[in-house]
Amino acid sequence: QVQLVESGGGLVQAGGSLRLSCVASGRTFSRYAMGWFRQAPGKEREFVAAISVSGGVTYYRDSVKGRFTISRDNAKNTVYLQMNSLKPEDTAVYYCAVATKATISASSYGYWGQGTQVTVSS
């Protein structure tokens, strides 16, 4: 069992930055790949970024490449999503999730956090 708690969301103007954090319970965090997903009102949940167990492999959706950075600190059981140059279309609830292998497929993630709201005003 893994519990995930996201934080760091909020309201920001377009062009601004936010850093999301996701803290995982348990002592096996370092054995899991981690992912960030988001869901805007009326839309499907979509992949944002993923990071491998070691942190050496990362994946991003095309629309966030060059603006978002995923990282992890296994000593703190925490995964981060640094979001720069935010756009109104980035507005969504952001979720972190756990998988055995870094992947863009939501169905591969077995545990999910409750989400944190990110709102980008124009």
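Just above sits the structure.
Because the structure is a prediction, the values reported are computed rather than measured. (Residues numbered from 1 in each chain as written. Predicted model: local features only at pLDDT ≥ 70, side-chain atom pairs only at ≥ 80, totals over all residues. Heavy atoms only, no water.)

## Topic: the overall build of the protein chain
Piece 1. On a plain count of helices and strands, the protein chain comes out with 0 helices and 11 strands.
Piece 2. For the protein chain, the sequential pattern of α-helices and β-strands runs β-β-β-β-β-β-β-β-β-β-β.
Piece 3. Relative to the 2.2 N^0.38 estimate, which gives 14 Å for 122 residues, the radius of gyration of the protein chain is 13 Å and therefore close to what a compact globule would have.
Piece 4. Here the C-alpha coordinates of the protein chain stretch approximately 40 × 25 × 25 Å along the principal axes.
Piece 5. For the protein chain, the proportion of contacts with a sequence separation of at least 24, taken over those separated by at least 6, is 57%.
Piece 6. Separation between the mean location of the 13 positive side-chain charges and that of the 7 negative ones in the protein chain comes to 7 Å. (Helix = DSSP H or I, 4+ residues; strand = E, 2+ residues; numbered from the N terminus. Rg over C-alpha atoms; globule rule 2.2 N^0.38 Å. Contact = heavy atoms within 4.5 Å. Lys, Arg positive; Asp, Glu negative; His and termini not counted. Charge placed at Lys NZ, Arg CZ, Asp CG, Glu CD.)

## Comments concerning the nonpolar core
The tendency in soluble globular proteins is for nonpolar side chains to be buried side by side.
Piece 1. Formed by 28 residues in total, the largest nonpolar core has its most connected members in Trp36, Leu81, Met83 and Tyr94.
Piece 2. Listed by contribution, the elements that provide at least two residues to this core are strand 3 (18–24), strand 4 (33–39), strand 5 (46–51), strand 7 (68–73), strand 8 (78–83), strand 9 (92–99) and strand 11 (116–121).
Piece 3. With near-sequence residues (within four places) excluded, Met83 lies in contact with Gly16, Ser17, Leu18, Leu20, Arg67, Phe68, Tyr94 and Val118.
Piece 4. In this structure, Phe37, Ala50, Ala97 and Ala102 belong to the second largest nonpolar core, which totals 8 residues. (Core = buried A, V, L, I, M, F, W, Y, C linked by side-chain atoms within 4.5 Å. Buried < 20%, exposed > 50% of the residue type's maximum accessible area, 1.4 Å probe, protein only.)

## Let's talk about the state of the cysteines
Piece 1. One pass over the structure, following the stated rule, counts 1 disulfide.
Piece 2. Put simply, Cys22 and Cys96 are joined by a disulfide, and their sulfur atoms are 1.9 Å apart. Looking along the S-S bond of the Cys22-Cys96 disulfide, the torsion reads about 50°, which is the right-handed sense. Separated by 74 residues along the polypeptide, Cys22 in strand 3 and Cys96 in strand 9 bring together distant segments of the chain. (Disulfide = S-S within 2.5 Å.)

## So, the sheet that holds strand 3
Piece 1. An order of 1-3-8-7 is seen for the 4 strands of this open sheet, with the pairing classed as antiparallel. Across the chains shown, the open sheet's two edge strands, defined by having one partner strand only, are strand 1 (4–7) and strand 7. Taken pair by pair, the neighbouring strands of this sheet meet at an average axis angle of 15°, ignoring direction.
Piece 2. By the bridge criterion, 6 bridges tie strand 3 to strand 8 in an arrangement that is antiparallel. Within strand 8, the residue paired with Leu20 across the bridge is Leu81. (Pairing = 2+ DSSP bridges. Axes fitted to C-alpha atoms, helices over the stretch in contact; angles between N-to-C directions.)

## Looking at a nonpolar patch on the surface
Piece 1. A contiguous nonpolar patch, built from Val57, Tyr59 and Ile104 and spanning about 270 Å² of accessible area, is present on the exposed surface.
Piece 2. Looking at the element boundaries, Ile104 is found in the loop between strand 9 and strand 10 (111–112).
Piece 3. On the accessibility criterion, Ile104 (54% relative accessible area) is exposed. (Patch = residues over 30% accessible without salt bridge, like charges linked within 9 Å, V, L, I, M, F, W, Y side chains within 5 Å. Areas by Shrake-Rupley, 256 points an atom, 1.4 Å probe, with all protein chains shown as cover. Salt bridge = Lys/Arg side-chain N within 4 Å of Asp/Glu carboxyl O.)

No statement about biological role is implied by the geometric values presented.
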